[in-house]
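Okay, here's what each chain looks like letter by letter:
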Amino acid sequence: MLEGLEPPKPKFTCKVALLANDLDKKDAEIFQAAIADVRKWPAKSLQKALKERGVSLADTVISRHRTKLCRCYKD
Ligand SMILES: [Zn+2]
């Protein structure tokens, strides 16, 4: 009954993932779509648009998440 017993993995995530978690479901979907759409949303533009809506998220953080260099993709 204890097969596969393992301690829970600590999940470290960057600010992009944290923010997506904090947003309402609908906002999170819009946010995730924007993060995923690199052509439509260059990091700088996305940062600016978010800021206009009261969300502060650095373009560098967005870029790192997109290129999978952030904490979300590290073990
Ligand atoms: Zn991330």
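(A) Inspection of the overall build of the protein at higher detail. Tallying secondary structure elements over the protein gives 4 helices and 0 strands in all. Taken from the N to the C terminus, the helices and strands of the protein come in the order α-α-α-α. Over its C-alpha atoms the protein spans a radius of gyration of 15 Å, topping by over 25% the 11 Å that the globule rule assigns to 75 residues. Taking all 75 residues of the protein together, the buried fraction comes to 12%. Counted over contacts in the protein with a minimum sequence separation of 6, partners at least 24 positions apart contribute 53%.

(B) Expanded view of unusual backbone geometry. Even without being glycine, K68 reaches a positive phi, approximately 60°. Counting through the fold element by element, K68 comes out in the segment after helix 4 (59–66).

(C) Structural context of the nonpolar core. V16, L19, F31, L46, L57, I62 and C70 form the largest nonpolar core, which has 7 residues in total. With residues near it in sequence (within four places) discarded, L46 still touches A34, W41 and I62.

(D) Spatial organisation of the packing of helix 3 (residues 43–52) against helix 4. Look at helix 3 against helix 4: their axes get within 8 Å of each other, and the N-to-C directions meet at 130°. It follows from the interaxial angle that helix 3 and helix 4 lie oblique. The handedness of the crossing between helix 3 and helix 4 comes out as right-handed. The segment helix 3 lies against helix 4, with A43, K44, L46 and Q47 engaging D59, I62 and S63.

(E) The environment of P42, seen in detail. By the secondary structure assignment, P42 is in the loop between helix 2 (25–36) and helix 3. Residue P42 is classed as partly exposed on the basis of its C-beta count, with 14 C-beta atoms lying within 10 Å. Remark: the alpha-carbon pair of P42 and K68, spanning 26 residues in sequence, is separated by 16 Å.

(F) The confidence of the model for the protein, seen in detail. Predicted confidence across the protein gives a mean pLDDT of 93, with 96% of residues reaching 70 or more. Mean pLDDT across the elements of the protein bottoms out in helix 1 (residues 15–22) (94) and peaks in helix 3 (98).

(G) Region of interest: the environment of V16. Position of V16 relative to the elements: it lies in helix 1. The sequence separation of V16 and R53 amounts to 37 residues, and the corresponding C-alpha distance is 16 Å. Discounting residues that sit within four places of it in the chain, V16 has contacts with I35, L57, V61, I62, H65 and C70.

Rules used in this analysis
- Residues numbered from 1 in each chain as written.
- Predicted model: local features only at pLDDT ≥ 70, side-chain atom pairs only at ≥ 80, totals over all residues.
- Helix = DSSP H or I, 4+ residues; strand = E, 2+ residues; numbered from the N terminus.
- Rg over C-alpha atoms; globule rule 2.2 N^0.38 Å.
- Buried ≥ 20, exposed ≤ 12 C-beta atoms within 10 Å, placed from the backbone.
- Contact = placed C-beta atoms within 7 Å.
- Core = buried A, V, L, I, M, F, W, Y, C linked by C-beta atoms within 7 Å.
- Axes fitted to C-alpha atoms, helices over the stretch in contact; angles between N-to-C directions.
- Parallel < 35°, antiparallel > 145°, perpendicular 65-115°, else oblique.
- Left-handed = near helix turned anticlockwise from the far one by under 90°.
- pLDDT = per-residue confidence, 0-100.

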